[in-house]
Every structure is written in structure tokens, then in C-alpha cells.
Amino acid sequence: GKQRLTNILLFVNNKLSWKKHEADPAFFSLFQNKNSLYFKDLPREYQTAILNTEISFACYRDMDEKAITKLFRKLNAGVPLSSFARGLAGNITIKTGFLNELMDHPVIGKIFSTSMIEKDDAELTLLRILLMLDAIVPNESIGALDLRPTAIFSYIPDVVTASNEEIGLWTKKMERGRAIVKKYLDILDTYDDSLRTSKSSTLLFTILYAYTYNLNDTQLFKLYNMINATSASTVVGAGADFSASKIQIWIRYINKHFLPEILR
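Model, not experiment: these values are computed from the prediction. (Residues numbered from 1 in each chain as written. Predicted model: local features only at pLDDT ≥ 70, side-chain atom pairs only at ≥ 80, totals over all residues. Heavy atoms only, no water.)

A. Quick peek at the confidence of the model for the protein. Mean pLDDT over the protein: 86, with 92% of residues reaching 70 or higher. The lowest-confidence element of the protein is helix α4 (residues 65-75), averaging 73 in pLDDT; the highest-confidence one is helix α15 (residues 259-263), averaging 95. (pLDDT = per-residue confidence, 0-100. Helix = DSSP H or I, 4+ residues; strand = E, 2+ residues; numbered from the N terminus.)

Laid out in C-alpha cells, this is it:
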């Protein structure tokens, strides 16, 4: 946050002191007879360690007032960010490059509740869809990825270690996936019936099957309703998540109970 960075700068510029009562007892010996220390009073090795410490931060650019307000409220809500939100902060290009455009689509507000949007569940669902679109081939069996929040970033190239070619290829795939998702969001936005759902599985599997089997609009809406009316706990049991094994269970369930009726 701004205050934290400001205090660091003030301290290393000897404009703010370190109070003894604020220090961990392990550092009391540094103070000797003093009750406070400035940066210049610290031993050289401490100064060096502090100056060599890297501070990670995410820089958001080209945000409109609505997005800024939403982000500010989220960061100041006093609630720890989810593991997905923390991972997204370290991969900010994904958010600005692929997710923001999809999150601004009017159908998102119809499908997801305000709380799901504020808790990043909507963004997480969209990123899951993009990653699975990258992993499937039309008219072939849908594969499985471990799409739990803690595992999801293992499928995203590390910008530090990946080559420019690898990152470029992945970016093209994500751009292709974004266009596919937008196409189906546009179709869903024409649907007159209620799209409201609190289950991420509905949008995820509807788009994956619509793309894989080239479903027409009527088939897409029918599949959406069938998945939306199905409790995730009845398919994969309690504690439903998006691990690879549970995605396979969902796929087998849809293939057996829904797909034959959709395609006939």
C-alpha cells in the first residue's frame, strides 16, 4: 500500500525512526541505550540487507473510475485476498490482456452475483475456460486440467524463465480463447430466460461443450439449463472443486446424462 511504501522511503532517508517498543525483542540489542533508531544508526550489514530487499507490486494501467473504485474497495475491505487474486497480481498481464474485456461483458452481471464478482470467482471461471479451451481439440474428448486456484498458475508461462517465443505462442492461444469465450457470451446475452447462477460449472462446461461439438444456439441454451439445474454436489460430491479428477467426473456425467439428448 501507499502508506507502507512511504514509510519505507522515509525510513531509509532518515526522516522516520524505528521505535524500540515496535521492534521484535530479538532486535533490542541494536538499540543499546536508545529508544529509537534511524536508518543511519543501523549496522552496515542491516543497511545493506534492507537496501537489497526487493519489493514486489502490481501496477494497474488504463483503469476506468469504476474499476479503480472496485479495486480500492477490495483492497481496503480488511479481508485477505484469495490465493487466485494473489496469483493474478503476479500475472497482471492476464488480467489486463484477457480477463478485463470479458469481465466487462454485459452477460457477466446476469450470470454471476455481485459477491461472486467481488470475490474474483467470475474472473477465476473465465481463466479456467481459457485454459481448458487451450487444452481441447474440437470434436475430440475433452481432457482435464487441475483448475483449483492454487494450481491454476502452473499452466501459465513464467515471464522470467520462458522464452519470448513461448510467451508469444501462449498469448496467441489466449487471444484465440478470448474470442471464443466472447462469442458464446454474446449468444448467451440474447437468451431471454434468467441466466442467474451461483455455480461456476454452468458457464465453464456450457462453453467447452458448445465449442467442442459446435452446438447451435438452441442446443447451447438447453445444455446451459440442464447444467444449471444440476447440483454440483450430486455430480462430484461434497467440497466440489475443479481438480482434474472431478473435471473428469463432470465430463462423464454430461456425456452420459446430457449430451445424447442435446445432440439428437
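Structure shown, so let's carry the discussion forward.
B. Seen up close, unusual backbone geometry. Residues other than glycine seldom take positive phi values, yet Asp120 does so here, at roughly 75°. Judged by relative accessible area, Asp120 falls into the buried class, the value being 7%. The backbone of Asn214 sits at a positive phi, close to 50°, despite the residue not being glycine. Its location among the elements puts Asn214 in the loop between α11 (200-212) and α12 (217-228). (Buried < 20%, exposed > 50% of the residue type's maximum accessible area, 1.4 Å probe, protein only.)

C. Spatial organisation of the side chain of Thr230. Topologically, Thr230 is positioned in the loop between α12 and α13 (232-236). A distance of 2.7 Å separates a polar side-chain atom of Thr230 from the backbone oxygen of Met226. The residues touching Thr230, leaving out its near neighbours within four places in the chain, are Lys199, Val235, Trp250, Tyr253 and Phe258. (Polar contact = N/O pair within 3.5 Å; in protein donor to acceptor, adjacent residues only side chain to side chain. Contact = heavy atoms within 4.5 Å.)

D. Local environment of the pattern of salt bridges. The final tally for this structure, using the stated rule, is eight salt bridges. Asp189 serves as the salt-bridge partner of Lys110, at 2.7 Å between the closest nitrogen and oxygen. A residue pair is termed long-range when its members are at least 10 positions apart, and Lys110 in helix α7 (residues 106-111) and Asp189 in the loop between α10 (164-188) and α11 qualify at 79 residues. Between Glu261 and Lys222 there is a salt bridge, with its nearest N and O atoms 3.1 Å apart. On the criterion of sequence distance, the pair formed by Glu261 in helix α15 and Lys222 in helix α12 is long-range, its members being 39 residues apart. (Salt bridge = Lys/Arg side-chain N within 4 Å of Asp/Glu carboxyl O.)

E. Main features of the nonpolar core. Core analysis: the biggest nonpolar cluster contains 64 residues, and Ile94, Val181, Leu188, Leu203 and Phe205 have the highest contact counts within it. The biggest single contributor to this core is helix α9 (residues 121-135), with nine residues. Each residue touching Val181, except ones within four places of it in the same chain, is listed here: Leu102, Leu126, Ile129, Leu130, Leu133 and Ile207. (Core = buried A, V, L, I, M, F, W, Y, C linked by side-chain atoms within 4.5 Å.)

F. Summary view of a nonpolar patch on the surface. A cluster of nonpolar residues, Leu5, Ile8 and Ile55, forms a patch on the protein surface that exposes about 240 Å² of accessible area. With respect to the element layout, Ile55 can be found in the loop between α3 (44-51) and α4. In this structure Ile55 comes out as partly exposed when scored by relative accessible area, which is 47%. (Patch = residues over 30% accessible without salt bridge, like charges linked within 9 Å, V, L, I, M, F, W, Y side chains within 5 Å. Areas by Shrake-Rupley, 256 points an atom, 1.4 Å probe, with all protein chains shown as cover.)

G. Layout of the packing of α9 against α10. Viewed as axis vectors pointing N to C, α9 and α10 meet at an angle of 115°, and their least axial separation amounts to 9 Å. Where α9 crosses over α10, the handedness of that crossing is right-handed. The residues of α10 that touch α9, namely those facing Leu126, Ile129, Leu130, Leu131, Leu133 and Asp134, are Lys173, Met174, Arg176, Gly177, Arg178, Ile180 and Val181. Taken together, the residues of the contact of α9 with α10 break down into eight nonpolar, one polar and four charged. (Axes fitted to C-alpha atoms, helices over the stretch in contact; angles between N-to-C directions. Left-handed = near helix turned anticlockwise from the far one by under 90°. Nonpolar A, V, L, I, M, F, W, Y, C, P; charged D, E, K, R; others polar.)

H. Structural detail: the layout of surface pockets. Taken as a whole, the second largest pocket encloses approximately 310 Å³ of empty space. Together, Asn7, Ile8, Phe11, Val12, Leu16, Ser17, Trp18, Glu22, Ile50, Leu51, Thr53 and Ile55 line the second largest pocket. Those elements that provide at least two residues to the lining of the second largest pocket are α1 (2-12) and α3. A per-element tally of the lining of the second largest pocket places α1 first, with four residues. The residue makeup of the lining of the second largest pocket, split by class, is eight nonpolar, three polar and one charged. (1 Å grid on protein atoms, 1.4 Å probe; cavity = no way out; pocket = protein on both sides within 12 Å on 5 of 7 lines; lining within 4 Å. Points joined across faces, edges and corners; volume = space filled by probe spheres on them.)

I. Focus on the environment of Gln219. Here Gln219 is to be found in helix α12. When its relative accessible area of 18% is taken as the criterion, Gln219 is described as buried. In this structure, the C-alpha to C-alpha distance between Gln219 and Thr234, residues 15 residues apart in sequence, is 23 Å. If sequence neighbours within four positions are ignored, Gln219 has contacts with Ile262 and Leu263.

J. Seen up close, the packing of α9 against α11. In contact at an axis separation of 10 Å, α9 and α11 are set at 25° when each is read in the N-to-C sense. Classified by the angle their axes make, α9 and α11 are roughly parallel. Pair α9 / α11 crosses with right-handed handedness. Note on element contacts: α11 touches α9 through Ser200, Leu203, Leu204, Ile207, Leu208 and Tyr211, opposite Asp121, Thr125, Leu126, Arg128, Ile129, Met132 and Leu133. (Parallel < 35°, antiparallel > 145°, perpendicular 65-115°, else oblique.)

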